[in-house]
Amino acid sequence: MLTGVLSPEDGFSGFSSSAVVTIASMFIISKAILFTGGLDYITDLFSFLGNFKKQKAIIFILLTIGVISAFINNTASVAIFIPVIISIGHKLKMSPSKLLMPLSFISILGGICTLIGTSTNILVNSVAVENGLSSLGMFEFSPMGLIFFGVGFLYIFTIGFKLFPDRREEGTDLTSDYSMKNFLTDVELKPAFKGVGHRLNEEKLLGDLDLDILEVYPAGSQERSSKEIRDLQSGDILRIRGNAKDIARLVKREDLIVRPSHNWKDMDFTGGELSLVEVVIAPNSDLQNQNIDDINFVEKFGAIVLALRSRGELMQEDFKNIALSGGDSLLLYVKTERIEELKHHSSFVVVSEIGFKEYRSKRLPFALAILAGVIISSALGIVPISVATVTGSISLVLCGCLTMDEAVNAINWKVIFLLGGILPLGLAMEKSGAATLLSQWLLEN
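Below is a short write-up of the structure. (Residues numbered from 1 in each chain as written. Predicted model: local features only at pLDDT ≥ 70, side-chain atom pairs only at ≥ 80, totals over all residues. Heavy atoms only, no water.)

### Considering helix α15 (residues 364–379)
This is how the line gets drawn: Helix and strand definitions follow DSSP, with helices as H or I runs of at least four residues and strands as E runs of at least two, each counted in order from the N terminus. An expected span of 1.5 Å times one less than the residue number is assigned to each helix. Here the term buried applies to any residue with accessible area under 20% of the maximum for its type, exposed to any over 50%, and partly exposed to those in between, with areas from a 1.4 Å probe on protein chains only.
Compared with an ideal rise of 1.5 Å per residue, which puts 16 residues at 22 Å, α15 spans 22 Å between its outermost C-alpha atoms and is within 8% of the ideal. Buried within α15 are the following residues: Leu364, Ala367, Ile370, Leu371, Val374, Ile375, Ser377 and Ser378. Following α15 by one or two positions, glycine 381 has its phi on the positive side, about 75°.

### Concerning the sheet that holds strand β1 (residues 184–189)
Stated formally: When DSSP finds two or more bridges between a pair of strands, those strands are recorded as paired. In this description, a line fitted to the C-alpha atoms serves as the axis of each element, helices being fitted only across the stretch in contact, and the angle between N-to-C directions of two axes falls anywhere from 0 to 180 degrees.
Strand order in the open sheet formed by four strands is β2-β3-β1-β4, and the pairing between neighbours is antiparallel. Pairing within the sheet leaves two strands with one partner each, and these edge strands are β2 (211–217) and β4 (256–258). If you compare each strand with its neighbour and ignore which way they point, the axes differ by 30° on average. Pairing of β1 with β4 involves three bridges; the strand directions are antiparallel. When the bridges of β4 are listed, glutamate 188 appears paired with isoleucine 257.

### Looking at the pattern of salt bridges
The condition is simple: Salt bridge, as used here, is a side-chain nitrogen of Lys or Arg placed within 4 Å of a carboxyl oxygen of Asp or Glu.
For the structure shown, the criterion picks out two salt bridges. Among the salt bridges present, the one from lysine 431 reaches aspartate 10, with a minimum N-O distance of 2.4 Å. You can see lysine 431 sitting in helix α18 (residues 413–432) and its partner aspartate 10 sitting in helix α1 (residues 8–11), a full 421 residues away along the chain. Taking the shortest distance from any N to any O, the salt bridge between arginine 360 and glutamate 406 comes out at 2.7 Å. Of the two residues, arginine 360 sits in the loop between β9 (348–353) and α15 while glutamate 406 sits in helix α17 (residues 404–410), which places them 46 residues apart along the sequence. A residue is classified by how much of its surface remains accessible, and glutamate 406, at 13% relative accessible area, is buried.

### A few points about a nonpolar patch on the surface
Condition: A patch consists of residues whose relative accessible area exceeds 30% and which take part in no salt bridge; residues with like charges are grouped when within 9 Å of each other, and nonpolar side chains (Val, Leu, Ile, Met, Phe, Trp, Tyr) when within 5 Å. Areas reported here follow the Shrake-Rupley algorithm with a probe of radius 1.4 Å; residue values treat only the protein chains shown as occluding.
Taken together, Leu418, Ile422, Leu425, Met429, Leu438, Trp441 and Leu442 make up a surface patch of nonpolar side chains, about 700 Å² in accessible area. For the nonpolar patch, the secondary-structure elements that each account for two or more residues are α18 and α19 (434–444). The biggest single contributor to the nonpolar patch is α18, with four residues. With respect to the secondary-structure elements, leucine 438 resides in helix α19. Looking at leucine 438, the relative accessible area reads 43%, which means it is partly exposed.

What follows is the structure, given as structure tokens:
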């Protein structure tokens, strides 16, 4: 636009492209299927796979995910199935890494089998229509797509599994997996503690020690109390995370008593205002290359980082100055009410959480009917794919399958802005003659 190659209308035309609108709508439709529990039935079905032989179980998993990826956005399907695959890995006594890479590949192969399965198919269809060609049908990609899917499936199942990494985990319990035993302790407040009768002042209590206070237990009770609103009393228990050296310095004080050592389990962190959650830093996350201290997890996400697994190395201390990378795993102690925020945040994939998920199961028939309506109306050519998906997205909100905020958060805005910028770039190449020169060079060589 600055050089005059494109007018402002042309420069911003990518954001009004039917392809971009369709892709945004598919993100919403995919999220609605998840929030209404549609994929939970698949998870329940997978739960029986522990009784199968590994080969039969893997075939069933790959085929099922491939079919699902053909009808919901394959990026969304990967994010949705990561926790499912990790759970299945434990049931089959396999390293989840042996299944996570096949999940990625098979979802891509499944996605190319239909018009709506992947963003690139939608984009190609839009460009074809804009250049005067007839619209591609819902299943016009299927013949070639099924060939690619079949060949890819055979390769993954035979040669591929020998090449996929086998990273064994210590166990299914998060506190065990992250070796938190020596980094958690309970201390009891003695009558001499100067903070008795006052709200907890962490800065004053901990000073320069690298420690975090996770919970407060009132004297003689197993119930947790909010550390922000309750006045401390003699006999109260503080649960603290930190290294043994700093904890030892803390408990040298005469107004504190160390409680007996505890064999920590995930259940020790359930039932209160905070929950134990494992998240993975998503690729291309805004948090990449940022230090944990700089991010301020407590303020932004209501979470305390207990441990970090990065590039195969597990760290429970001195990790706050480590720059995060895509694929890093974090063990978080987070306010339960903010777990949904983490799930919707584009920087995280929540792979494990203690507790249970609530779905809008009563809205599932509406979600499935709307998805079927989008597929059928597009396949029969009743309405353009863009109109079908936008209508489906609006219908899902009106039916209560998603709230407006959830619909907005379901969209991967990085993808939308990428496409919104790339499409005018193609138009600029066409108007400047660069596309003609490139095509001539390709034909001549």
